[in-house]
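Tertiary structure, described
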Amino acid sequence: TTSANNTATAIAHTNIALIKYWGKVNEQITIPYTGSISLTLDQFYTKTKVTFDPQLTADQLLVNGKIQTNLTKVSRVLNRVRQLAGSEKFAIIDSKNFVPTSAGFASSASAFAALAGASATAAGLSLTHQELSKLARLGSGSASRSIFGNFVEWLPGDNDDNSYAVPMTDVTLTDIAVIAVNINSQSKTISSSQGMQLSANTSPYYSEWQNVVARDLVNLKHALMTNDFALFGQISEANAMRMHALTLSSLPPFTYFEPGTLEVIETIQALRADGIECYYTIDAGPNVKVLTQTANLSLIKDHLVDQFGPSRISVAHPGPGIEILEHER
Ligand code: PMV
């Protein structure tokens, strides 16, 4: 094993959900009510170095060089690693996000995937990707999917052992570009954890959401396997709006949308009415990701740059799974 070094570095990329995860059956170990599907992106990633040190009396976390005080989710991952490795050592975690603030992506998916890979390796464990996915899931549900590249499905399962992500096979839809439109990069006032639990506990539509996701999963898989971009876009867009309908129908009602969010939606609808094929999806925040293909990418990008300014626009494509850096200690 590599345990002699007590240190390892990992890189993981963020992902955009196409069929959204929104609600936990079990909050302690992140078991979701439904499955979900995402696309890992090439432009935005987290690089994390973990060092276990017998001198430490507590875990220490640096994000972009700044000491963090809330280690609740990080500890869930590290405690599991210590349990698996039979170790009592604490760790210093040095994490850097290469997610341009202008892109408006949350970094929790890439951050907890990188933490899982680096901490397991530093502790001398050689885990499979499936085991890393379960480990990352303890920190953040969406992180379970960032262990893998390209299209990924999180199989919800019903316990710690059978809830993990898998790479999707038989996908023939490969021509995809994602244009991120940053409306506001401030961190949101309602976290995804708070928001999804409020929806699961209070939205009268929540039970129907579970049926909706079951159907959307089947239809999206069909689109991916038959290279049907129009169906892919329609299902993704509809699923995102159905998720956001759960926030509007919660008690108290809330939304992640801002005025700029609706402006982007209108723009995409207008482009589509002009025969330019593009769709949108939105996670737990105001920023919009536009789904399109190579043929229309520059036209749509130029249009969005004109309307919102170049600093708010970034382009990504399908990206890779986790990378453990053996040589860079
Ligand atoms: O993984 P979390 O707890 O940050 O929640 C992610 C929630 C969404 O991004 C809105 C949906 C998803 O499947 O990623």
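Worth saying up front: this structure is predicted, and the values here are computed from it rather than measured. (Residues numbered from 1 in each chain as written. Predicted model: local features only at pLDDT ≥ 70, side-chain atom pairs only at ≥ 80, totals over all residues.)

The subject of this paragraph is the overall build of the protein chain. Summing up its helical and strand segments, the protein chain has eight helices and 14 strands in all. For the protein chain, whose C-alpha radius of gyration is 19 Å, the value lies close to the compact-globule estimate of 20 Å for 329 residues. Referenced to the eigenvectors of the C-alpha coordinate spread, the extents of the protein chain come out at roughly 65 × 40 × 40 Å. Per-residue burial for the protein chain yields a buried fraction of 46% across its 329 residues. Taking contacts inside the protein chain between residues at least 6 apart in sequence as the whole, the part at least 24 apart equals 75%. (Helix = DSSP H or I, 4+ residues; strand = E, 2+ residues; numbered from the N terminus. Rg over C-alpha atoms; globule rule 2.2 N^0.38 Å. Buried ≥ 20, exposed ≤ 12 C-beta atoms within 10 Å, placed from the backbone. Contact = placed C-beta atoms within 7 Å.)

Before going further, it helps to spend a moment on the domain arrangement of the protein chain. By the assigned domains, the protein chain splits into domain 1 (3-169) and domain 2 (177-316). Averaged C-alpha coordinates put domain 1 and domain 2 at centres separated by 24 Å. Of all the secondary structure elements, the ones that give two or more residues to the side of domain 1 that touches domain 2 are β1 (7-19) and β4 (36-53). (Domains from an automatic or database assignment.)

The subject of this paragraph is helix α7 (residues 259-273). Taking 1.5 Å per residue, 15 residues should reach 21 Å; α7 reaches 21 Å between its end C-alpha atoms and fits that length. Among the residues of α7, those classed as buried are Thr261, Val264, Thr267 and Ile268. All buried residues of α7 fall inside an arc of 120° around its axis, so they share one side. Opposite the packed face of α7, turned more than 90 degrees from it, sit the exposed residues Pro259, Glu266, Ala270 and Ala273. On the buried face of α7, the contacting elements are β10 (177-181), β11 (279-281), β12 (288-292) and α8 (294-308). Phi turns positive, to about 90°, at Gly275, one or two residues after α7. (Expected span 1.5 Å × (residues − 1). Arc of directions from axis to C-beta.)

Looking at the secondary structure, you find Ile282 in the loop between β11 and β12. Judged by local crowding, Ile282 falls into the buried class, with 24 C-beta atoms found within 10 Å. Discounting residues that sit within four places of it in the chain, Ile282 has contacts with Ala240, His244, Thr261 and Val288.

Our next topic: the environment of Ile16. Here Ile16 shows up in strand β1. Put simply, Ile16 and Ala91 are 75 residues apart on the chain and 30 Å apart in space, counted from C-alpha to C-alpha. The contacts of Ile16, once residues within four sequence positions are left out, are Ser38, Leu39, Leu41, Val178, Thr281 and Lys289.

This part covers the site of the ligand. Near the ligand you find 13 residues, and of these Ala17, Tyr21, Ser142, Ser192 and Asp283 are the closest. Taken together, the residues of the shell around the ligand break down into four nonpolar, seven polar and two charged. (Near = placed C-beta within 6 Å. Nonpolar A, V, L, I, M, F, W, Y, C, P; charged D, E, K, R; others polar.)

Attention now goes to the packing of helix α2 (residues 108-122) against helix α3 (residues 129-139). With their axes 8 Å apart at the nearest point, α2 and α3 run at an angle of 125° to one another. With respect to their mutual orientation, α2 and α3 come out oblique. Considering how the two elements wind past one another, α2 and α3 form a crossing that is right-handed. For the pair α2 and α3, contact is made by Phe112, Ala113, Leu115, Ala116, Gly117 and Ala120 and by Leu132, Leu135, Ala136 and Gly139, respectively. (Axes fitted to C-alpha atoms, helices over the stretch in contact; angles between N-to-C directions. Parallel < 35°, antiparallel > 145°, perpendicular 65-115°, else oblique. Left-handed = near helix turned anticlockwise from the far one by under 90°.)

With 83 residues, the main nonpolar core has Ala113, Val178 and Val290 as its most contacted residues. Ranked by residues supplied to this core, first place goes to α2 with 10 residues. Taken domain by domain, the makeup of this core includes at least three residues from each of domain 1 (3-169) and domain 2 (177-316). Beyond its immediate stretch of four places on either side in the chain, Val178 contacts Ile16, Leu41, Lys289, Val290, Leu291 and Ala316. (Core = buried A, V, L, I, M, F, W, Y, C linked by C-beta atoms within 7 Å.)

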